[in-house]
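Coordinate analysis (summary)
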Amino acid sequence: MSAGGKGVEVLRQHLIDPEICIRCNTCEETCPIGAITHDARNYVVDPAVCNACNDCISPCPTGAIDSWRRVEKVAAYSIGDQFGWDALPAQAEPGFAAAGDADVPADVAQFAATATAGQGGAAPPPWSAAHPYVNLYSNAMPAIATVAGNFRLTGDGATSDIRHLVLDFGATAFPVLEGQTIGILAPGLDADGRPHHVRLYSVASPRDGERPRYNNLALTVKRVTEDHDGRPVVGVASNFLCDLRKGDEVKVVGPYGTSFLMPNHPGSSLLMVCTGTGSAPMRAMTERRRRRIPLKEGGRLMLFFGARSPGELPYFGPLQKLPPDFIDINFAFSRVPGEPKHYVQDLIATRGADVAALLGDDNCHVFICGLKGMEVGVDEAFRSACSRHGRDWDALLPALRAQGRYHVETY
């Protein structure tokens, strides 16, 4: 792109913010063209390879990948430049006229006005969410937690080994909120002889801990034995965590997450949709509300929870014990012998009137967590429910996002 006939070719360069990047390798694994690489210090984007496809944007857990600078193409930041950064450089002004100048073509003016806007970044948190603490511990200086408990949630005959892991931080300050994630540093080296990159896990306990006032937290961990396509693979961090015993030590980094947070104001409702270990943040939010029942804060809880069968569903037993006037639970099982397959989107359709009413409630906050493949089905189910009950989902969704009331974490 040249600006106003002045011969300056401008590049909207894709960069990674080293101050908030947690080196989890998600972006490098996601990039379909190999534009992202890393050394022991930073993850970087090669300007000669990146085509701004944005495939890496949404999976990034911190938003570090959603960083951009408007530069003259001949002066683009090289990989070598980026490897040496401790922080992103300030936005420099390329040598062309500013947006709004009379001699700047309309398309160039629009580019100049939006070049530093990024891709939208993370959704804002609920207005009443508590202040989150993030990036307190790094790979170089992790917190050390001790395993206080490791309990299998799924039955012995289940194909999935899902664990409830309790980590005790002792005298180390590690404050977390419902919806935040932590990073686990598994021991050992990868195939290239480098330390394993951080693996992220959602916190499954409320802010006051799995055991209140004991400075601990819980994780929901599934032992990974195959990838999403069914190919055999041994998950490095998941197998490490699932095999831990009481008293073992774990290196923890983070916490992370400033958006996927529960609202705090009385009367706020939660519409939760999850599958498998995507139940972790929902369990944290639900338990927070359960402990506060005597405060009579009001607000409705509605949960759509999907798994292959009851035996494959974590927290199935404890959830069944919660009173229906506290939480409206809808289980979707897709592999129960002799029964038709049901997915979370099917139950959303069945409960369309109630779902549409909640979506239209200004105090309702939506949380979706689980495998990435569920996003499309849930979106269509919401659209259908709204259409059948007098609401326009395509107009409602942007408003929900802008108001910090619609949050998605999929993997």
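Below you will find a few notes about this structure. The model shown is predicted, which means the values in this text are computed figures rather than measured ones. (Residues numbered from 1 in each chain as written. Predicted model: local features only at pLDDT ≥ 70, side-chain atom pairs only at ≥ 80, totals over all residues. Heavy atoms only, no water.)

**Some thoughts on the overall build of the protein chain**
The number of helices and strands found in the protein chain is ten helices and 15 strands. Taken against the 2.2 N^0.38 rule, which gives 22 Å for 411 residues, the C-alpha radius of gyration of the protein chain at 23 Å falls within 12% of a compact globule. Reported as C-alpha extents along the three principal axes, the dimensions of the protein chain are approximately 70 × 55 × 45 Å. Here the protein chain, with 411 residues, has 46% of them falling under the buried criterion. Sequence-distant contacts in the protein chain: of pairs separated by 6 or more residues, those separated by 24 or more amount to 71%. Total accessible area on the protein chain stands at roughly 19300 Å², and carbon and sulfur atoms take up 52% of it. With 39 positive and 46 negative side-chain charges, the protein chain shows a separation of 7 Å between the mean positions of the two kinds. (Helix = DSSP H or I, 4+ residues; strand = E, 2+ residues; numbered from the N terminus. Rg over C-alpha atoms; globule rule 2.2 N^0.38 Å. Buried < 20%, exposed > 50% of the residue type's maximum accessible area, 1.4 Å probe, protein only. Contact = heavy atoms within 4.5 Å. Areas by Shrake-Rupley, 256 points an atom, 1.4 Å probe, with all protein chains shown as cover. Lys, Arg positive; Asp, Glu negative; His and termini not counted. Charge placed at Lys NZ, Arg CZ, Asp CG, Glu CD.)

**Some thoughts on the sheet that holds strand S12 (residues 301-307)**
Here five strands make up an open sheet; going across it, the order is S13-S12-S11-S14-S15 and the pairing parallel. Either end of the sheet is taken by a strand with one partner, and the two such strands are strand S13 (328-333) and strand S15 (406-410). With direction set aside, neighbouring strand axes in the sheet form an average angle of 10°. Inspection of the sheet shows strand S11 (residues 269-275) paired to strand S14 (residues 364-370) by six bridges, in the parallel sense. Each residue of the ladder has a partner; that of Ser269, found in S14, is Cys364. Those strands touched by helix H5 (residues 280-291) are S11, S12 and S14, and its axis lies near 145° from that of S11. (Pairing = 2+ DSSP bridges. Axes fitted to C-alpha atoms, helices over the stretch in contact; angles between N-to-C directions.)

**Some remarks on the side chain of His38**
With respect to the helices and strands, the residue His38 is situated in strand S2 (residues 36-38). Taking the relative accessible area as the measure of exposure, His38 reaches 16% and is therefore buried. A polar atom in the side chain of His38 sits 2.6 Å from the side chain of Glu28. Here His38 is in contact with Asn25, Glu28, Tyr43, Phe83 and Arg194, once residues within four sequence places are set aside. (Polar contact = N/O pair within 3.5 Å; in protein donor to acceptor, adjacent residues only side chain to side chain.)

**Focus: helix H9 (residues 374-388)**
A rise of 1.5 Å per residue sets the reference length of H9, with its 15 residues, at 21 Å; its end C-alpha atoms lie 21 Å apart and thus fit the reference within 8%. Along H9, the residues classified as buried are Met374, Gly377, Val378, Asp379, Ala381, Phe382, Ala385 and Cys386. Buried residues in H9 make contact with S11, helix H7 (344-350), helix H8 (352-359), S14, helix H10 (393-402) and S15. Of the residues trailing H9, Gly390 is marked for its positive phi of about 75°. (Expected span 1.5 Å × (residues − 1).)

**Focus: unusual backbone geometry**
A negative phi holds for most residues other than glycine; trans holds for most peptide bonds. Note the cis peptide between Gly254 and Pro255, where omega equals -5°. Position of Pro255 among the secondary structure elements: in strand S10 (residues 249-256). One non-glycine residue, Ala52, lies in the positive phi region at around 55°. Mapping Ala52 onto the fold places it in the loop between strand S3 (43-45) and strand S4 (67-72). In this structure, Tyr315 is a non-glycine residue whose phi angle is positive, near 70°. Position of Tyr315 among the secondary structure elements: in the loop between S12 and helix H6 (316-320).

**Considerations on the pattern of salt bridges**
Enumeration over the complete set of coordinates arrives at 21 salt bridges. The salt bridge involving Asp86 is made with Arg41; its shortest N-O contact spans 2.4 Å. Highlighted residues: Asp86 in the loop between helix H2 (79-83) and helix H3 (106-114) and Arg41 in the loop between S2 and S3, separated in sequence by 45 residues. When salt bridges that share partners are traced, they join Arg152, Asp161, Arg163, Arg223 and Asp243 into one network. (Salt bridge = Lys/Arg side-chain N within 4 Å of Asp/Glu carboxyl O.)

**Describing the packing of aromatic side chains**
Taken as a whole and judged by the stated rule, the model has ten aromatic pairs. Aromatic side chains Phe305 and Phe331 sit 6.4 Å apart centroid to centroid with 45° between the ring planes, which places their arrangement in the tilted category. You can see Phe305 sitting in strand S12 and its partner Phe331 sitting in strand S13, a full 26 residues away along the chain. One cation-aromatic arrangement involves Arg12 over Trp68; the distance from NZ or CZ to the ring centre is 4.2 Å. Against the face of Tyr214 rests Arg211, its NZ or CZ located 3.7 Å from the ring centre. (Phe/Tyr/Trp six-rings, centres within 6.5 Å; stacked < 30°, edge-to-face > 60°. Lys NZ or Arg CZ within 6 Å of the ring centre and 35° of its normal.)

None of this, on its own, says anything about what the molecule does.
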